[in-house]
Amino acid sequence: MMPEEKVLCIKRAHLPPQWTEEKSIVRLDSQKFYGICAQAGYHWMDRGGVEQDPSFKQIIPYILVQTTAGDQTAVYRRKGSEQRLHDLWSAGIGGHVNQKDITKRADGFADIVKTGMMRELDEEFLKRPENLAPVFWGTINEEKTDVGSVHLGAVFKIAAENMSGFVPGSELVDFKWADTVSLSALNMELWSGLALELLSR
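This report concerns the structure included in the present document. Every value quoted in this text rests on a predicted model; they were computed, and no experiment measured them.

Per the counting criterion, the structure on display carries 14 salt bridges. When the shortest N-O distance is used, the salt bridge between Asp122 and Arg128 registers 2.8 Å. Note on Asp122: relative accessible area 49%, which makes it partly exposed. With relative accessibility at 9%, the residue Arg128 sits in the buried group.

In structure tokens form, the structure reads like this:
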């Protein structure tokens, strides 16, 4: 039997209260984010158990891909392992950080999150421009859904001069570029709306 996946978590009580409100959109720089999380202390928890335990927040890098001007946003339809999000449109690419994202003994919280984020991008895209680095924007949170109550989003943005160079893998179903102003017409997952609001600030 495969061992249970252990995912990166922080106790909710150790996070700033404004990060875990019912609807929370917090703009902050990466150094402050990583510092606060490292000071709060992080844990490796069995994913199956922590998915039902809102006393922990699973840290999820959530990457949006937009044109430099922000007028076009990459979106896709959810079909992955998270059944609760199926068939919703998403603007965020990302997933859990797990123990295989520790590449060396000296890795700290920031190193682990960045490694997990880049792994997710490599898994989701067959090809992408290697010179475009994700830039951290802030955190998002919602407590209205079962998914939201146990996850905290760390939002990053990749800004591309043009839309060429991105080749989606099989998980990014119906991947396309859409006018950012028209995304409200799609049936979007709640986190995507929060992340887009964060980027517009």
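A word on the environment of Ser30. Here Ser30 lies in helix α1 (residues 30-40). It is 24 Å that separates the C-alpha atoms of Ser30 and Lys6, two residues lying 24 residues apart in sequence.

Looking now at α1. Within the sequence span of α1, burial applies to Phe33, Tyr34, Cys37 and Ala40. The arc enclosing the buried residues of α1, seen along the axis, measures out at 130 degrees, which places them on a common side. Facing away from the buried side of α1, by more than 90 degrees, are the exposed residues Gln31, Lys32 and Gln39. Taking the backbone nitrogen of Gln31 as reference, a side-chain oxygen 3.1 Å away marks Asp29 as the first, capping residue of α1. A positive phi of about 90 degrees marks Gly41, the residue just after α1.

In an α-helix, one turn spans 3.6 residues, which is why side chains three or four residues apart end up on the same side. When the terminal C-alpha atoms of helix α3 (residues 109-124) are compared, their 23 Å separation across 16 residues agrees well with the 22 Å that a helix rising 1.5 Å per residue should span. Three or more residues of α3 are buried, namely Phe109, Ala110, Ile112, Val113, Gly116, Met117, Arg119, Glu120, Leu121 and Glu124.

Bringing the side chain of Glu142 into the picture now. Note that Glu142 resides in strand β9 (residues 135-142). In this structure, Glu142 is in contact with Glu21, Glu22, Lys57, Gly148, Ser149, Leu190, Trp191 and Leu194, ignoring residues within four places of it in sequence.

Next up on the list: the nonpolar core. With 35 residues, the main nonpolar core has Trp19, Phe33, Val65, Phe109, Phe125 and Phe166 as its most contacted residues. Sorting the residues of this core by element identifies β1 (6-11), α1, β4 (56-67), β5 (72-77), α3, β10 (151-160) and β12 (173-179) as the ones contributing at least two each. Among the elements that line this core, the one with the most residues is α3, at 6 residues. If we ignore the near neighbours within four places in the chain, the residues touching Phe109 are Leu8, Ile10, Phe33, Tyr34, Cys37, Ala38, Tyr42 and Ile59.

For Pro54, the location among the structural elements is in the loop between α2 (47-50) and β4. C-alpha separation for the pair Pro54 and Ser30, spaced 24 residues apart in sequence, amounts to 24 Å. Among residues more than four places away in sequence, those in contact with Pro54 are Arg12, Ser149 and Val150.

What follows is about unusual backbone geometry. Positive phi, normally seen in glycine, also occurs at Asp174, with a value near 60 degrees. Relative to the elements of secondary structure, Asp174 occurs in strand β12.

Thresholds, definitions, all that
- Position numbers for residues count from 1 along each chain, tracking the sequence in the order it is written.
- Owing to the predicted nature of the model, reporting of local features is limited to residues with pLDDT of at least 70; listing and counting of side-chain atom pairs is limited to 80 or more, with chain, interface and lining totals taken over all residues.
- Each side-chain value is derived from all of the structure's non-hydrogen atoms; neither hydrogens nor water enter the calculation.
- Any carboxyl oxygen of Asp or Glu that lies within 4 Å of a side-chain nitrogen of Lys or Arg is treated as forming a salt bridge with it.
- Residue exposure (1.4 Å probe, protein chains only): buried if accessible area is under 20% of the type maximum, exposed if over 50%, otherwise partly exposed.
- Counting from the N terminus, the helices are DSSP H or I runs at least four residues long and the strands are E runs at least two residues long.
- Each C-beta atom gives one direction from the helix axis, and the arc is the one those directions make.
- We call two N or O atoms a polar contact when they sit within 3.5 Å, provided that within protein one can donate a hydrogen and the other can accept it, with sequence-adjacent residues counted only if both atoms are side-chain atoms.
- A helix is expected to span 1.5 Å multiplied by its residue count minus one.
- What makes two residues a contact is simply this: any of their non-hydrogen atoms within 4.5 Å.
- Each nonpolar core is a collection of buried residues, namely Ala, Val, Leu, Ile, Met, Phe, Trp, Tyr and Cys, held together in the definition by side-chain atoms within 4.5 Å.

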